[in-house]
Amino acid sequence: MLSRPMDFMECALSLAGLALGYTSPNPAVGAVVVRDGIVVGLGHTQPPGCEHAEIMALQQAGERAKGAALYVTLEPCCHQGQTPPCTKAIIEAGISEVHVAMIDPNPLVLGKGLKQLGEAGIKTYVREDIEKAREINEGYIRYITTGLPFVIAKFAMSLDGKIATKSGDSQWISGEESRKYVHNLRHIVDAVMVGANTVLVDDPQLSARGCSGRGGKAKQQPLRVIVDGKGRTPLEARIFKEPGRTLMAVAKPFDDRKANQFREAGAEIVELAAKRGEIELEELLKGLGERQVTSVLVEGGNKLFGSLFDQGLVDKVMAFVSPVIVGGSDAKSAVGGDGAKFMAEAHKLSRVKMTAFGDDILISGYLK
């Protein structure tokens, strides 16, 4: 039986994890109602326009919510959106105390939710040191505070730092367990991005498949973004045959005939400014933010990664390292671009984690 306060919050965090991939642009939240040391209500955020985590948990608790404690992974909302404010429901349910894992950085909330609860006589407690709470909603936090999506650079490389052989062959550097995990990542994020070369060489699908039965449906697929200034993507590419939407970022002015061909293949065309033939990536990210894309998983290639790192547009790195040696001075490394001139200028990761997936090691961390 769950008995300690942190046990209840850990339960709420687990529930929040179940909401990932379904709630964007809203945060993924978990909530637990506890009465006399016993869990009487559980909930996690439903798709936009449906119940928030707190409402689900309160509905399940019913009359038992009166005098109970609520554990929630994010500060309850206090404003009218697509649904009524959660603070109102918490007060009306007779909750006596609320424990939150972190304050909601949304300017519409940002402490106001807890203030409302406090003014209603409800005791409130905040645990801002729970890193998992921030990690679950890192995309939401980046988006709600900057208007930009959270950018994850994900790549698989050999032990000697290669992403392909000198012939361009890259299937497969990582093992099956790693690839299954990547499908889960695709399910969680709002968009998956690649450069034109990756499409030309690998002909990827860029869809979430498997995911415990959650993948495959168009509405559950990430937006596929191809950065292709000159429109070199083949019309017969597999990326156009997958469920879901595909957006092609091209350099303006773009050939009308080519644009119509890509539209007929199922792609949306977005023309952006370009320098030396390269798409303005910050402008692309701003445009994605305006579409309420809160997170982007970038999966290659060398040139696109180089531009993103050179421009300081990467928030998180997820590198799968496989115990193989490729060799060859002509074999590409993961990140191209100008790079650092001195080691002191190299990008350094913080909050680094290492996780084993079969024989592979996932090294993840955040850029300062």
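Described in the following lines is the structure provided in the data block. Computed from a predicted model, the values in this text were never measured in an experiment. (Residues numbered from 1 in each chain as written. Predicted model: local features only at pLDDT ≥ 70, side-chain atom pairs only at ≥ 80, totals over all residues. Heavy atoms only, no water.)

### Some remarks on the overall build of the protein chain
For clarity, the threshold we go by: A run of H or I in DSSP becomes a helix once it reaches four residues, and a run of E becomes a strand once it reaches two; helices and strands are each numbered from the N terminus. As a reference, a globule follows 2.2 Å times the number of residues to the power 0.38, and the radius of gyration itself is taken over C-alpha atoms. Classification of residues uses two cut-offs on accessible area relative to the type maximum, computed with a 1.4 Å probe and protein chains only: under 20% is buried, over 50% is exposed, and between them is partly exposed. Per-residue accessibility takes into account occlusion by the displayed protein chains alone, with areas from the Shrake-Rupley method and a 1.4 Å probe. Here the positive residues are Lys and Arg and the negative ones are Asp and Glu; neither His nor the chain ends is included. For the purpose of locating charges, the reference atoms are NZ of Lys, CZ of Arg, CG of Asp and CD of Glu.
Within the protein chain, the regular secondary structure consists of 11 helices and 16 strands. In summary, the protein chain has a C-alpha radius of gyration of 23 Å against a globular reference of 21 Å for 368 residues, a match within 12%. In terms of principal-axis extent, the alpha carbons of the protein chain reach across some 65 × 45 × 40 Å. Per-residue burial over the protein chain gives 49% buried out of 368 residues. Total accessible area on the protein chain is roughly 17700 Å²; 51% of this is exposed by carbon and sulfur atoms. Across the protein chain, the centroid of the 44 positively charged side chains sits 1 Å from that of the 44 negatively charged ones.

### Things to note about the pattern of salt bridges
So the rule is basically this: By definition, a salt bridge exists where a carboxyl oxygen of Asp or Glu is found within 4 Å of a side-chain nitrogen of Lys or Arg.
Scanning the entire structure with this criterion turns up 11 salt bridges. We note a salt bridge from R35 to D36, for which the minimum N-O separation is 3.8 Å. The partly exposed category is assigned to R35, whose relative accessible area is 31%. The exposure class assigned to D36 is exposed, which follows from its relative accessible area of 69%. One salt bridge in this structure joins E268 and R291, with 2.5 Å as the shortest N-O distance. One end of the pair, E268, is in strand β10 (residues 267–272); the other, R291, is in the loop between α10 (281–290) and β13 (295–298), and 23 residues separate them in sequence. Judged by relative accessible area, which is 36%, R291 ranks as partly exposed. Each member of the salt-bridge network shares a partner with another, and the members are K154, R186 and E299.

### Details of helix α2 (residues 53–61)
The following threshold applies: What makes two residues a contact is simply this: any of their non-hydrogen atoms within 4.5 Å.
Within α2, burial applies to A53, E54, I55, A57, L58 and A61. Where α2 is buried, its residues contact β1 (30–35), β2 (38–44), β3 (69–72) and α3 (86–93).

Don't take any of this as a statement about function, it's just geometry.
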